[in-house]
Amino acid sequence: MHIQTKDFKAITSTENYVKASYSINKKTGDCKIRGRGNSTWEMKKKPYLLKFENAETFLDMPKAEKWVLMANGGDSTNLRNAYATYLAHKVWNNFKWTPNYRFVNLYINGRFEGLYQVYEKIEASESRLDIPDPNTNFNVNGSFIMVTDTRFKKPINFRTNRGIRFSMYSPRTISEKMKNYLVEGVNKFEDFLFGENFANPETGYRKYIDVDSFVDWYLINEYTLNRDARFRDSCYLYYDTVRKLLVMGPIWDFDISCGNNSYEGNSKPEGYWIKVEASWYKRLFEDPWFVKKVTDRWFSTQTELQNSFAYIYSLSRRIKPACELNDKAWQLIGHYQWPHATGWQKRKTYDDEVDYFMKWLQNRRDWLNQDLEKYKQEAK
C-alpha cells in the first residue's frame with residue numbers, strides 16, 4: 001500500500017489531517033491521513049488514521065470512510081491483535097460485531113514503513129456496529145458507544161458514581177438531554193451492581209446488561225492477560241437503548257497482552273488481572289451465578305481454543321517474511337524498547353518471539369484450566 005501526501009508533507013499530528021493519495025492492488029484514490037493513538041504515537045513506528053472523502057469498500061471489507069492503520073510497534077510478532085480478533089470471531093463470539101483487518105506492507109512518500117494492519121474503525125454505522133443513531137430522533141432510542149478513557153480527550157466525557165471515566169466514542173456529539181439519559185442509565189446499572197441485593201436475578205444487575213457479552217469479553221481479555229482491559233483506557237461498550245442493556249465490546253487494543261509487557265507481573269502466565277483490577281468485574285465475581293457462567297463458557301470452548309493455536313501459528317508463517325523486513329526497518333527484536341517484555345534480550349529472531357508467544361499462550365491456558373476447575377467443582 002502506497003500513500004503519498006500532498007507536497008510530501010510530513011504527518012506530525014493526531015488531530016490535523018494531511019491531504020494525500022493512495023494506491024493498492026491497482027486501486028487508487030484520494031484520502032486524508034493523520035496520526036492516531038496515545039502512547040503508541042510516541043513510538044518509533046507510528047499508527048495512522050486514513051479517511052476517504054466518501055465511504056468506500058477497501059481491501060474487500062465493507063464500505064466506510066475511516067480506517068485504522070495499526071502499527072503494532074510494540075509487538076514484534078504482529079500477532080496479538082490478530083489473535084484477539086480470531087478469538088472474538090471463532091471462540092468467544094457473543095458480540096454483535098468485531099472489527100476485521102487486512103495486513104499490508106505500507107509505504108509513505110516512498111519510504112517503507114513496515115507491516116501494518118488495516119483495521120475497521122470502531123463506530124456506529126450500518127457496515128460496522130449497526131446500532132441506532134441517537135441523533136436521528138430521540139424517540140427512536142438511539143444507542144451510544146463508550147470507551148473507558150482516563151485522559152478525557154473526547155468532546156463528551158463523564159464519570160460514573162464510582163469514578164470510572166468514560167468518553168463518548170460514537171457519536172462524538174449528542175444533545176445534553178441524550179447525555180443525561182446515558183449517564184443515568186450507566187449509573188443505574190452501577191448502583192444495582194454494587195447494591196445489597198446485586199445478585200438477585202429479578203432485582204439485581206442482571207436485567208441491565210447483556211450477560212453473554214460481559215462473559216466473552218472477560219474471557220478474551222483475562223485469557224490474554226490484556227493489561228489495557230482493567231477499565232482505565234481502551235475498553236469499549238455500548239448502551240443499547242432499544243434493549244435497555246449495557247453490552248460489552250467491541251474488543252480492541254491487545255498489543256501489550258499475552259506476556260508482552262513487564263509491569264506488575266503481567267508477563268507471567270499465572271494469575272488474574274481483570275477480575276482483580278476492573279471494579280465492575282471484581283464485583284461480578286462475587287456472584288456465584290456469574291462465576292458459573294464464566295467457567296461453563298470456558299470449559300465448553302476448549303476445542304475451539306485448541307484450534308486457535310494452529311491458526312495463529314499458520315498466520316505467523318504467512319507473515320514471517322514481512323515481519324522480518326519490518327524488523328530490518330525498525331530493529332525491534334532483541335533491542336530495548338517499550339513495552340520491553342521479560343526476556344527480550346535473549347530473543348534475537350522473529351521465530352524466537354513467536355515461540356515465546358505460543359508457549360505463553362499454552363501455559364496461560366493450562367493455568368486457567370487448572371484454576372477454573374476449582375470454581376467448577378465448587379459450583380456442583
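Conventions we followed
- Residues numbered from 1 in each chain as written.
- Predicted model: local features only at pLDDT ≥ 70, side-chain atom pairs only at ≥ 80, totals over all residues.
- Heavy atoms only, no water.
- Buried < 20%, exposed > 50% of the residue type's maximum accessible area, 1.4 Å probe, protein only.
- Helix = DSSP H or I, 4+ residues; strand = E, 2+ residues; numbered from the N terminus.
- Pairing = 2+ DSSP bridges.
- Contact = heavy atoms within 4.5 Å.
- Core = buried A, V, L, I, M, F, W, Y, C linked by side-chain atoms within 4.5 Å.
- Disulfide = S-S within 2.5 Å.
- Axes fitted to C-alpha atoms, helices over the stretch in contact; angles between N-to-C directions.
- Phe/Tyr/Trp six-rings, centres within 6.5 Å; stacked < 30°, edge-to-face > 60°.
- Lys NZ or Arg CZ within 6 Å of the ring centre and 35° of its normal.

Caption draft 1: Spatial organisation of the pairing of strand E10 (residues 165-170). The buried fraction of E10 amounts to 5 of the 6 residues, a majority that puts the element mostly inside the structure. Pairing geometry for strand E8 (residues 144-149) and E10, over 4 bridges, is antiparallel. By the bridge assignment for E10, Ile 145 is matched with Ser 170. Where strand E9 (residues 157-159) meets E10, 3 bridges bridge the pair, whose relative direction is antiparallel. Of the residues in E10, the one forming a bridge with Phe 158 is Phe 166. Connecting the antiparallel pair E9 and E10 is a turn made up of 5 residues, with Gly 163 showing a positive phi of about 90°.

Caption draft 2: Structural view of the environment of Asp 75. As for its placement among the helices and strands, Asp 75 is situated in the loop between strand E5 (61-70) and helix H1 (80-90). A relative accessible area of 0% places Asp 75 in the buried class. If near-sequence neighbours (up to four positions away) are discounted, Asp 75 is found in contact with Arg 80, Asp 255 and Asn 260.

Caption draft 3: Looking closely at the nonpolar core. Counting 94 residues, the largest nonpolar core has Trp 217, Tyr 223, Phe 231, Leu 246, Trp 280, Tyr 281 and Phe 290 as its most contacted members. Ranked by residues supplied to this core, first place goes to helix H8 (residues 350-379) with 10 residues. Dropping the residues within four chain positions of it, Tyr 223 is found in contact with Tyr 83, Leu 87, Trp 92, Tyr 218, Trp 298, Leu 305, Phe 309, Trp 360, Leu 361, Arg 364, Arg 365 and Leu 368. In terms of nonpolar packing, the next biggest core, distinct from the first, is built from 25 residues, Val 18, Cys 31, Val 104 and Leu 106 among them.

Caption draft 4: Main features of the state of the cysteines. Using the criterion set out here, one finds 0 disulfides in the structure. For Cys 258, which is in no disulfide, the shortest distance to another cysteine sulfur is to Cys 235 and amounts to 15 Å.

Caption draft 5: Spotlight on the sheet that holds strand E6 (residues 101-108). Pairing in this closed barrel of 7 strands is mixed, and the strands run E1-E2-E3-E4-E5-E7-E6 around the ring. Going across the sheet, the axis of each strand differs from the next one's by a mean of 35°, ignoring polarity. Sheet topology places strand E1 (residues 2-5) next to strand E2 (residues 18-24); 4 bridges connect them, and they run antiparallel. Opposite Ile 3, over in E2, you have Tyr 22 as the bridge partner. The sheet strands contacting H1 are E5, E6 and strand E7 (111-120), and the helix crosses E7 at an angle near 15°. Lying over the sheet, helix H7 (residues 302-330) contacts E6 and E7, oriented at roughly 145° with respect to E7.

Caption draft 6: Region of the structure containing the side chain of Asn 226. Mapped onto the elements of the fold, Asn 226 is located in the loop between helix H3 (211-223) and strand E11 (233-240). When neighbours within four sequence positions are excluded, Asn 226 is seen to be in contact with Asn 221, Trp 252, Asp 253, Phe 254, Ser 257, Trp 273 and Ile 274.

Caption draft 7: Inspection of unusual backbone geometry at higher detail. Of note, the bond from Gly 249 into Pro 250 is cis; its omega dihedral lies within 30 degrees of zero at 0°. In this structure, Pro 250 sits in the loop between strand E12 (245-248) and helix H4 (274-277). Here the amide bond leading from Trp 338 into Pro 339 is cis, since omega sits at 5°, within 30 degrees of zero. Assignment of secondary structure puts Pro 339 in the loop between H7 and H8. Not every positive phi belongs to a glycine, and Phe 152 is a case in point at roughly 55°.

Caption draft 8: The arrangement of the packing of aromatic side chains in detail. According to the stated counting rule, one finds 35 aromatic pairs in the structure shown. Relative to Trp 67, the ring of Phe 58 lies with its centre 5.5 Å away and its plane at 55°, an arrangement referred to as tilted. Each member of the pair, Phe 58 as well as Trp 67, carries the same accessibility label: buried. An angle of 80° between the planes, with centres 5.7 Å apart, marks the rings of Phe 285 and Phe 290 as edge-to-face. Like Phe 290, Phe 285 is buried. For the cation-ring pair, Lys 45 lies above Tyr 116, with the distance from its terminal atom to the ring centre recorded as 4.8 Å. It is Arg 347 that lies over the ring of Tyr 356; its NZ or CZ is 4.0 Å from the centre.

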